[in-house]
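# Summary of structural features
Spelled out from the first residue to the last, the chains are:
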Amino acid sequence: MKTPVGKECIAMLLAGGQGSRLGALTKTIAKPAVSFGGKYRIIDFTLSNCAHSNIDTVGILTQYRPYLLNSYIGTGSAWGLDASTGGVSILPPYATESGGHWYEGTADAIYQNLDYIRIYHPNYVLILSGDHIYRMDYRKMLHLHKERNADLTVAVMKVPLEEASSFGVMTLNEDGKITAFEEKPKRPTSDLVSMGIYIFSTAVLEQALLEDSDDGSSDHDFGKNVIPSLLRKGKRLYGYEFTGFWKDVGTIASYHETSMDLLSEHPQFDLDDSEFPILSNENISPPHYVGADAVVENSIIGSGCRILGTVRHSVVSVDCLVDAGAVVKDSVLLSGATVNRGAVVTRAILGEKTTVEAGAVFGSADGEIVVTGDDFVVE
């Protein structure tokens, strides 16, 4: 095995979350592995950001239902992350001489993988989440981190004040330095929130994690424990304000709303940006087929699909079938879903390889969004 060269910056990608708010969609797979936008999975967005930012060494920390995610990532070649001196590495929890346990929090997950970080001797460590939809060139954030000689830089953005309580909320001075930070306050006093994207100077990160590990009262979480501790100690903490599109599709409503926005005349997020393409490792399927009597209006149709019925204002992922006489409206069909002859699907999300039997009616135009898990049968 070659000894890895020293890296300026490596990434640690937290991808072990259950995503319980997505209900049936994450019953059998981790949230970052959920399909999105017809031919992508949610983790594609963060991995594509790494690829376009020249971050060629990425440790992916998995935990909950990791099998599909591990298989999907493979060697990382789909994102150019298969370099012999870095590339992508899957990092599940593992046992040591003193025992083993699941990651207890975001900080503990990184702490348990300090040996991986030390292999590459990086000057900086970029910590990411694998479950957000956004484009970001991390090089701009790293440049600012170095320019300010920061110990930690946190990516931040403005949100409506009534939504801020769902995030870590902070205050910056005129130089961009963080002067106050509170994780998920009940009554936020600032609309500037953490995006869960951090760049640490490596020595600061290692010391902070060692101290946090020794603290028996800690939740071992960056937002709850590590960042407030560094702030109290007077470390150099700065914010990097991001003004682009960023979305946590962590609820059924948010996932459906963001998917439907892709179909608008001026979507908030353009999947087809040729200068910053989203890369994917989905299997290459033959072109989709639209029958002579089919109707397709304002929809995304993935490769390998057979559309013989009607699809209106919907996202249909790869290898789906909408049979003759079937109608799909305002819905998301994940990979391999089948809507049989005469069935009607409205305002729904169908899990992967779900089957809607002939003549069945699922969902309604004025009801709540309905959702199935994978391999489900709607009769």
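Within any chain, residue numbers begin from 1 and follow the written order of that chain's sequence. Since the coordinates come from a predicted model, pLDDT governs what is reported: local features require at least 70, and pairs of side-chain atoms require 80 or more to be given and counted, while whole-chain, interface and lining totals use all residues. In computing side-chain values, all of the structure's heavy atoms are included and hydrogens and water are not.

### Focus: the nonpolar core
Side chains that are nonpolar tend, in soluble globular proteins, to be buried together. Keep this limit in mind: In this text, buried Ala, Val, Leu, Ile, Met, Phe, Trp, Tyr and Cys residues form a nonpolar core when linked through side-chain atoms within 4.5 Å. Here the term buried applies to any residue with accessible area under 20% of the maximum for its type, exposed to any over 50%, and partly exposed to those in between, with areas from a 1.4 Å probe on protein chains only. The contact criterion used is simple: two residues touch if any of their non-hydrogen atoms lie within 4.5 Å.
Counting 63 residues, the largest nonpolar core has Ile197 and Tyr255 as the members making the most contacts within it. The residues contacting Ile197, other than those within four sequence positions of it, are Leu126, Ile127, Leu128, Tyr134, Met136, Tyr138, Met141, Thr153, Val154 and Ala155. Among the nonpolar cores identified, the runner-up in size contains 33 residues, and Val156, Tyr198, Phe200 and Ala208 belong to it.

### Structural notes on the pattern of salt bridges
The cut-off we apply is this: Think of a salt bridge as a Lys or Arg side-chain nitrogen and an Asp or Glu carboxyl oxygen that are within 4 Å of each other. Starting at the N terminus, helices and strands are each numbered in turn, a helix being any DSSP run of H or I of at least four residues and a strand any DSSP run of E of at least two.
Tallying each qualifying case throughout the model produces ten salt bridges. Its salt-bridge partner being Asp115, residue Arg118 comes within 2.9 Å of it at the nearest N-O pair. On the criterion of helical spacing, the pair formed by Arg118 and Asp115 is a turn pair, its members being three residues apart in helix α4 (residues 114-120). For Asp137, the salt bridge identified is with Arg139, shortest N-O distance 2.9 Å. Residue classification places Asp137 among the buried residues on the basis of a relative accessible area of 17%. Each of the salt bridges in this network shares a partner with another, and the network as a whole consists of Lys31, Asp131 and Asp248.

### Digging into the pairing of strand β11 (residues 192-201)
How we decide: Note on pairing: DSSP must find at least two bridges between two strands before they are called paired.
Most of β11 is tucked away: nine of the ten residues are buried. With four bridges joining them, strand β6 (residues 124-129) and β11 adopt antiparallel strand pairing. Within β11, the position partnered with Val125 by the bridge is Phe200. In terms of strand pairing, strand β8 (residues 152-158) meets β11 through six bridges, oriented antiparallel. Among the inter-strand pairings, Val156 is bridged to a residue of β11, identified as Ser194.

### Describing the sheet that holds strand β25 (residues 348-350)
One open sheet accounts for five strands, arranged β16-β19-β22-β25-β28; its pairing is parallel. Because the sheet does not close on itself, it has two edges, and the strands there are β16 (300-301) and β28 (370-371). Examined bridge by bridge, strand β22 (residues 332-333) and β25 share two bridges and lie parallel to one another. Bridge pairing links Val332 to Ile349 in β25.

### Focus: helix α6 (residues 202-213)
Using the following cut-off: In this scheme, a helix's expected span is set at 1.5 Å multiplied by one less than its residue total. By construction, the arc corresponds to the directions joining the helix axis to the C-beta atoms.
Taking 1.5 Å of rise per residue, twelve residues should cover 16 Å, and α6 covers 16 Å from first to last C-alpha, within 8% of that figure. For α6, the set of buried residues is Thr202, Val204, Leu205, Ala208, Leu209 and Asp212. Here the buried residues of α6 occupy an arc of 160° about the axis, which is enough to place them on one side. Buried residues along α6 sit in contact with α3 (106-111), α4, β6, β11 and α7 (222-232).

### Focus on the sheet that holds strand β23 (residues 338-339)
With parallel pairing, the six strands of this open sheet are ordered in space as β14-β17-β20-β23-β26-β29. Whereas interior strands pair on both sides, the edge strands pair on one side only; in this sheet they are β14 (289-290) and β29 (377-378). In this sheet, strand β26 (residues 355-356) lies alongside β23 in parallel orientation, the contact comprising two bridges. When the bridges of β26 are listed, Val339 appears paired with Val356.

### A word on the packing of aromatic side chains
Filter applied, for reference: Ring pairs are drawn from Phe, Tyr and Trp, using the six-membered ring of Trp, whenever the two centres fall within 6.5 Å, and their geometry is named by plane angle: stacked under 30 degrees, edge-to-face over 60, tilted for the rest.
Taken as a whole, this structure holds eleven aromatic pairs when the rule is applied. An angle of 75° between the planes, with centres 5.9 Å apart, marks the rings of Phe36 and Phe45 as edge-to-face. The residues Phe36 and Phe45 share a single accessibility class, namely buried. Consider the rings of Phe167 and Trp246, whose centres lie 5.9 Å apart with planes at 50°: the pair is tilted. Of this pair, Phe167 sits in the loop between β8 and β9 (168-172) while Trp246 sits in strand β13 (residues 246-248), placing them 79 residues apart in sequence. For Trp246, a relative accessible area of 10% corresponds to the buried category.

### Structural notes on the side chain of Asn340
Secondary-structure assignment places Asn340 in the loop between β23 and β24 (344-346). On the basis of relative accessible area, Asn340 is assigned to the buried category, the value being 18%. Look past the residues within four positions of Asn340 in its chain and what remains in contact with it is Asp323, Ala326, Thr355, Val356, Glu357 and Ala358.

### Notes on the confidence of the model for the protein
Formally: Confidence of the predictor in every single residue is expressed as pLDDT, which spans 0 to 100.
Per-residue confidence for the protein averages 90 on the pLDDT scale, and 94% of its residues sit at or above 70. Counting contacts from residues 95-99, a segment whose pLDDT is below 50, to residues more than four positions away or on other chains yields two contacts.

### Let's talk about the pairing of strand β4 (residues 57-61)
Across the five residues of β4, five count as buried, placing the element largely inside the fold. Residues Thr57, Gly59 and Leu61 line one face of β4 and the alternating positions Val58 and Ile60 line the opposite face, and both faces are buried. Two elements, strand β1 (residues 9-14) and β4, share four bridges in a ladder whose sense is parallel. Bridging across to β4, Leu14 finds its partner in Leu61. Of the strand pairs in this sheet, β4 and strand β5 (residues 87-90) are connected by four bridges, and their pairing is parallel. Bridging across to β5, Val58 finds its partner in Val88.

### Thoughts on helix α5 (residues 138-147)
Turning to α5, its buried residues number three or more, namely Tyr138, Met141, Leu142, Leu144 and His145. End-on, the buried residues of α5 take up no more than an arc of 160°, which puts them together on one face. Of the exposed residues in α5, those oriented more than 90 degrees away from the buried face are Lys140 and Glu147. In the segment just after α5, Asn149 is the residue with positive phi, at about 55°.

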